[in-house]
Amino acid sequence: MSPDDWILDIQNLFIDYRTKRGNLHAVHDASLRIRPGESVAVIGESGCGKTTLAASIVKMLPLNADIRSGSITYKPRKGKSVSIHSSSEQTMRTLRWSEIVMMFQASQSSFNPVTKIYTQFLDTARAHRMKLTSQQVLKRSRELLELVYLNGDAVLNSYPHELSGGMKQRTLIALSLLLDPQLIILDEPTTALDLITQKRILLLLNSLRKSHNFSMIFITHDLGIVTQLADRVVTMYAGAVVEDSPSSEFFADPKHPYSVGLLRAIPKLNAAFEHLYSIPGSTPDLVRRIDGCLFSPRCEHSHDRCLREVPQLRSVGGHRLAACHLYEEVTV
Amino acid sequence: MQKDMLVFAAKKLMKVVFTVWVVTTLIFFLIRLMPSNPIERYIQNLVVQYGMTYEEASSRASSLFALDLEASLFVQYIDYLSSAVRLDFGTSFLSPGVQVTQIIAARLPWTLFTVGMGLVLSFIIGIVLGALAAYRRESWYEPLISGTSSFLSAVPDFLIAIFLILLFGVFTWGGRGSIIPIFQLRGTYGPGVTPGWNAPFIRSVIGHGFVPILTYFFSQIGIWVLLMKGSTSGCLNSDYAQIARARGLRPAKILKSYIGRNAMLPIATEFAMRLGFIIGGSLIIEQLFVYQGLGLELLNATSNRDYPLMQAIFLVMTIAIVLSNLFAELLYGVLDPRIRHGGGKQDG
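Residues numbered from 1 in each chain as written. Chains lettered and ligands numbered in written order. Predicted model: local features only at pLDDT ≥ 70, side-chain atom pairs only at ≥ 80, totals over all residues. Heavy atoms only, no water.

## Here's the deal with the overall build of chain A
- If you tally the helices and strands in chain A, you get 11 helices and 12 strands.
- What you see for chain A is a C-alpha radius of gyration of 21 Å, in line with the 20 Å of a compact globule of 332 residues.
- Projected onto its principal axes, the C-alpha positions of chain A cover 65 × 50 × 45 Å.
- With 332 residues in all, chain A has 55% of them scored as buried.
- Long-range contacts, defined as pairs at least 24 residues apart, comprise 67% of the intrachain contacts of chain A with a sequence gap of at least 6.
- Accessible area for chain A stands at about 14500 Å²; split by element, carbon and sulfur atoms hold 53% of it.
- In chain A, the 38 positive side-chain charges and the 33 negative ones have mean positions that sit 6 Å from each other. (Helix = DSSP H or I, 4+ residues; strand = E, 2+ residues; numbered from the N terminus. Rg over C-alpha atoms; globule rule 2.2 N^0.38 Å. Buried < 20%, exposed > 50% of the residue type's maximum accessible area, 1.4 Å probe, protein only. Contact = heavy atoms within 4.5 Å. Areas by Shrake-Rupley, 256 points an atom, 1.4 Å probe, with all protein chains shown as cover. Lys, Arg positive; Asp, Glu negative; His and termini not counted. Charge placed at Lys NZ, Arg CZ, Asp CG, Glu CD.)

## Section: the pairing of strand E4 (residues 65-74) of chain A
Residues and elements named next belong to chain A.
- In this sheet, E4 lies alongside strand E1 (residues 8-19) in antiparallel orientation, the contact comprising eight bridges. Residue pairing for E4: Gln11 is matched across the bridge by Ser71.
- Relative to strand E5 (residues 82-83), E4 runs antiparallel, the two being bridged by two bridges. Within E5, the residue paired with Tyr74 across the bridge is Val82. (Pairing = 2+ DSSP bridges.)

## Some remarks on unusual backbone geometry
All names here are of chain A.
- One non-glycine residue, Asp29, lies in the positive phi region at around 60°.
- Turning to its location among the elements, Asp29 is positioned in strand E2 (residues 22-34).
- The exposure class of Asp29 is partly exposed, given its relative accessible area of 23%.
- Of note, the phi angle at Ala238 is positive, near 50°, even though the residue is not glycine.
- Given a relative accessible area of 5%, Ala238 falls into the buried group.

## Regarding the packing of aromatic side chains
Residues and elements named next belong to chain B.
- One pass over the structure, following the stated rule, counts 18 aromatic pairs over all chains.
- Ring geometry for Trp110 and Tyr291: centres 6.4 Å apart, planes at 80°, overall edge-to-face. With Trp110 in helix H5 (residues 100-135) and Tyr291 in the loop between helix H11 (283-288) and helix H12 (294-303), the pair connects residues that are 181 residues apart, well separated along the chain.
- For Tyr291, a relative accessible area of 1% gives the class buried. (Phe/Tyr/Trp six-rings, centres within 6.5 Å; stacked < 30°, edge-to-face > 60°.)

## Focus: the pairing of strand E8 (residues 215-219) of chain A
All names here are of chain A.
- Across the five residues of E8, five count as buried, placing the element largely inside the fold.
- Judged by which residues are buried, E8 turns out to be covered on both faces: Ser215, Ile217 and Ile219 on one side and Met216 and Phe218 on the other are all buried.
- Bridge count for strand E3 (residues 39-43) against E8 is four bridges, and the pairing is parallel. Within the sheet, the bridge partner assigned to Ser39 lies in E8 and is Met216.

## Things to note about the sheet that holds E1 of chain A
All names here are of chain A.
- Pairing in this open sheet of four strands is antiparallel, and the strands run E2-E1-E4-E5 from one edge to the other. Both edges of this open sheet fall to E2 and E5, since each of them pairs with a single strand only.
- Running over the sheet, helix H1 (residues 50-57) touches E1, E2 and E4 and is turned about 115° from E1. (Axes fitted to C-alpha atoms, helices over the stretch in contact; angles between N-to-C directions.)

## A few points about helix H9 (residues 239-246) of chain B
- Along H9 of chain B, the residues that are buried comprise Tyr240, Ala241, Ile243, Ala244 and Ala246 of chain B.
- Once H9 of chain B finishes, Gly248 of chain B follows within two positions and takes phi at roughly 80°, a positive value.

## With respect to the sheet that holds strand E9 (residues 232-237) of chain A
All names here are of chain A.
- Spatially, E6-E7-E8-E3-E9-E10-E12-E11 is the arrangement adopted by the eight strands of the open sheet, whose pairing is mixed. Each having just a single partner strand, strand E6 (100-103) and strand E11 (314-315) make up the two edges of the open sheet.
- Relative to strand E10 (residues 240-246), E9 runs antiparallel, the two being bridged by six bridges. Across the sheet, the residue bridging to Thr235 is Glu243, located in E10.
- With respect to the sheet, helix H10 (residues 257-264) is in contact with E3, E9 and E10, its orientation differing from that of E9 by roughly 105°.

## Examining the interface of chain A and chain B
- Taken together, the contact pairs 36 residues of chain A with 30 residues of chain B.
- With both chains or domains summed, chain A and chain B bury close to 2900 Å², and 53% of this area falls on carbon and sulfur atoms.
- Looking at the side of chain A facing chain B, the largest losses of area belong to Arg93, Val114 and His161 of chain A, adding up to 20% of the total buried there.
- Summed over the shared surface of chain A and chain B, the result is two salt bridges.
- Here Glu89 of chain A ties to Arg245 of chain B by a salt bridge, and the two come within 3.5 Å at their closest N and O atoms.
- At the boundary of chain A and chain B, one finds 11 residue pairs in polar contact (both at pLDDT 80 or more).
- Split by residue class, the side of chain A that touches chain B holds 16 nonpolar, 10 polar and 10 charged. (Buried area = accessible area lost by both parts, 1.4 Å probe. Salt bridge = Lys/Arg side-chain N within 4 Å of Asp/Glu carboxyl O. Polar contact = N/O pair within 3.5 Å; in protein donor to acceptor, adjacent residues only side chain to side chain. Nonpolar A, V, L, I, M, F, W, Y, C, P; charged D, E, K, R; others polar.)

## As for the packing of H5 of chain B against H12 of chain B
Residues and elements named next belong to chain B.
- Running from amino to carboxyl end, H5 crosses H12 at an angle of 135°, the nearest separation of the two axes being 7 Å. Considering their axes alone, H5 and H12 lie oblique with respect to each other. Contact residues: H5 offers Ile103, Ile104, Arg107, Leu108 and Thr111, while H12 offers Leu294, Gly295 and Glu297. (Parallel < 35°, antiparallel > 145°, perpendicular 65-115°, else oblique.)

## Brief notes about the side chain of Asp123 of chain A
- Residue position: Asp123 of chain A is located in helix H3 (residues 117-127).
- The class for Asp123 of chain A is buried, based on a relative accessible area of 6%.

## Focus on helix H8 (residues 199-236) of chain B
Residues and elements named next belong to chain B.
- Along its 38 residues, H8 runs just 47 Å from first to last C-alpha, ending more than 12% under the 56 Å computed at 1.5 Å per residue.
- At Phe210, H8 is deflected by roughly 40°, the largest bend along its length, and proline Pro212 occurs up to four residues later in sequence.
- Taking the backbone nitrogen of Phe201 as reference, a side-chain oxygen 2.9 Å away marks Asn198 as the first, capping residue of H8. (Expected span 1.5 Å × (residues − 1). Bend = angle between axes of the 7 residues up to and from the residue.)

## A short note on the confidence of the model for chain B
Residue and element names in this part refer to chain B.
- Put simply, chain B has an average pLDDT of 84, and 93% of its residues get 70 or more.
- Here helix H14 (residues 337-341) is the element of chain B with the lowest mean pLDDT, 72, and helix H6 (residues 141-154) is the one with the highest, 94.
- Confidence over residues 342-348 falls short of pLDDT 50; this stretch has 16 contacts with residues more than four positions distant or in other chains. (pLDDT = per-residue confidence, 0-100.)

## Topic: the environment of Thr191 of chain A
- Looking at the secondary structure, you find Thr191 of chain A in the loop between strand E7 (183-187) and helix H7 (195-212).
- Spatially, the C-alpha atoms of Thr191 of chain A and Gln105 of chain A are 8.2 Å apart, while their sequence positions differ by 86 residues.

## Things to note about the nonpolar core
- Within the largest apolar cluster, 98 residues are counted, with the highest numbers of intra-cluster contacts made by Leu8 and Leu183 of chain A.
- Mapped onto the domain boundaries, this core takes at least three residues apiece from domain 1 (8-230) and domain 2 (240-329) of chain A.
- Filtering out sequence-adjacent residues up to four positions away, Leu183 of chain A remains in contact with Ile7, Leu8, Ile34, Ile57, Glu99, Ile100, Val101, Phe214, Ser215, Met216 and Ile217 of chain A.
- Of all hydrophobic cores here, the second largest spans 45 residues; its members include Leu152, Ile160, Tyr240 and Ile254 of chain B. (Core = buried A, V, L, I, M, F, W, Y, C linked by side-chain atoms within 4.5 Å. Domains from an automatic or database assignment.)

## Overview of the confidence of the model for chain A
Residues and elements named next belong to chain A.
- Confidence along chain A averages 87 in pLDDT terms, with 95% of residues attaining 70 or more.
- Across chain A, the element-wise mean pLDDT spans from 82 in helix H8 (residues 223-229) up to 94 in E9.
- Note on residues 328-332: pLDDT under 50 across the span, and nine contacts to partners over four residues away in sequence or across chains.

## Describing the packing of H5 of chain B against helix H10 (residues 251-275) of chain B
Residues and elements named next belong to chain B.
- Where H5 contacts H10, the two axes come as close as 11 Å, and the packing angle between them is 140°. Here H10 runs oblique to H5, going by the angle between their axes. Where H5 crosses over H10, the two elements pack in a sense that is right-handed. On H10, the residues that touch Leu119, Val120, Phe123, Ile127 and Tyr135 of H5 are Pro251, Leu255, Ile259, Met264, Ile267, Phe271, Arg274 and Leu275. (Left-handed = near helix turned anticlockwise from the far one by under 90°.)

Following this line, the structure appears as structure tokens:
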């Protein structure tokens with residue numbers, strides 16, 4: 001895989017929410033590129049624009065959100081590139097799930113509670129005019145369910161409430177593979193599950209990613225997941241991408257001061273509870289944005305330039321990008 | 001499995017029978033606690049007008065009404081229960097010699113027709129408008145639908161009836177008279193027609209029933225719209241609706257099978273329960289339109305202390321409500337698999 005080969009390219013994206021106080025700049029100059037077969041983790045505090053960014057990829061933003069500027073381009077396996085930011089709802093509908101799967105948070109209730117699971121597999125196949133009979137769709141569904149270690153027949157003939165949380169999650173993963181998508185986006189895929197089930201689901205996803213050859217973006221607060229699953233880590237702060245690094249390098253040597261703070265905030269087994277670190281200050285106001293670097297009020301390295309000028313995302317060696325005026329000073 | 005179902009059905013049936021018995025008993029004693037006794041009044045009348053002795057008068061009354069007036073309340077109660085089981089409710093006090101069942105059979109269809117039509121029409125149109133108001137939250141007509149519905153649901157039904165009588169029967173429009181002749185706003189059908197499957201009769205029935213049906217329609221539609229709107233809004237924001245959209249399903253499909261189907265769950269139950277109130281929910285409206293349905297009959301029976309008729313009408317109402325509740329319970333089980341199976345998680 002060459003670094004120039006990509007399936008999704010987000011360039012300088014700005015997304016605003018219309019609120020009573022004025023426009024809230026949820027995503028502010030975010031750029032991101034996803035390569036084939038790659039697994040990318042998006043991390044950052046609550047409200048930093050991770051979910052908004054993900055929802056914009058399938059254009060399922062809330063009604064009060066607008067894409068102000070920037071571009072989202074998607075390259076299917078076959079055919080021409082699609083400019084998602086300017087696509088119609090009709091185009092997006094055919095793209096959703098067949099090319100890009102978006103799994104929203106709280107997948108505990110992702111299935112229609114009043115119909116059996118097989119109906120929901122068939123609905124999905126029919127919506128995309130799959131050239132298969134119902135019997136063939138069900139056969140494929142059974143195979144996919146068995147791939148995620150479930151009893152295909154039993155699950156297909158169950159109602160959602162008859163399945164446990166972990167089973168529902170795995171069923172949704174099986175359903176997501178039905179149309180052979182190229183990109184799967186997961187928003188906090190495992191928050192509702194217990195630790196053991198979480199781990200099993202993640203290992204499963206990783207092995208499926210290799211066997212079925214899809215790329216994966218997953219949003220998480222859990223840095224433990226990131227180490228196990230991600231090839232690359234994207235850190236977001238206040239709507240912007242502030243660091244984009246290969247996973248191993250990110251954990252060994254984070255570049256952006258905010259990334260450093262995040263890693264220091266991971267509780268250590270051998271440290272006392274009182275020594276738990278947290279980044280000083282709180283998340284900035286996204287309606288009335290200050291000039292300069294938004295992280296500067298919380299940054300121990302902040303200086304004059306940070307208050308005047310917004311740092312741009314630029315290469316800091318190797319395949320690493322960071323948006324900081326003094327990234328070279330940052331060490332763990 | 002088969003046995004479970006039988007036990008379930010038997011339990012439910014026992015509950016129905018028990019409820020009906022309790023209500024019947026209450027009605028029997030409550031009615032007798034009411035002041036002024038019609039038979040006493042009849043006897044007094046005979047004594048005063050014909051100079052009979054009290055004994056003569058009371059034996060005459062007793063034979064006329066087939067009642068043992070000497071019997072204790074308890075014996076009367078046992079008597080009443082045993083004949084009620086055989087569907088024999090005795091004869092009316094007010095029109096001696098006429099079977100109570102006959103009167104009910106003659107009145108019930110009219111009430112079922114008008115209240116039932118009003119309920120069904122308001123339900124169908126109400127849920128469509130309610131779903132529309134929820135689905136098109138941003139449209140210009142959403143406040144119109146919701147506002148009108150809130151208004152209508154707050155106005156008492158008799159005010160709607162009076163307004164409609166004025167609108168259709170009293171106001172004259174540019175010298176052309178009222179929309180519906182005022183005499184058509186009384187009774188169930190006109191005097192000149194013979195009941196049966198003939199055009200003049202059917203036309204007359206519709207003409208007389210139209211405004212009462214409209215009254216029931218307007219008095220209930222607001223509730224249906226608001227209920228359906230609330231229920232649909234809840235389902236619109238649900239995770240399964242969002243995932244359905246992410247799965248690329250067509251909007252029409254999502255609205256019908258995912259949102260509509262789930263939003264209907266509480267509404268369908270409400271509808272089934274309201275079916276039971278068809279019979280009882282028409283007293284004032286039938287009086288306003290002098291519409292000879294069961295409600296008007298109950299009103300007459302009550303003001304004249306016609307015990308057998310009152311008891312029978314109350315019993316019919318009770319049975320209707322109890323059965324509709326049972327129906328609602330069963331319907332919910334059919335519509336919602338989570339209730340049918342009663343849990344039963346498998347291990348993950």
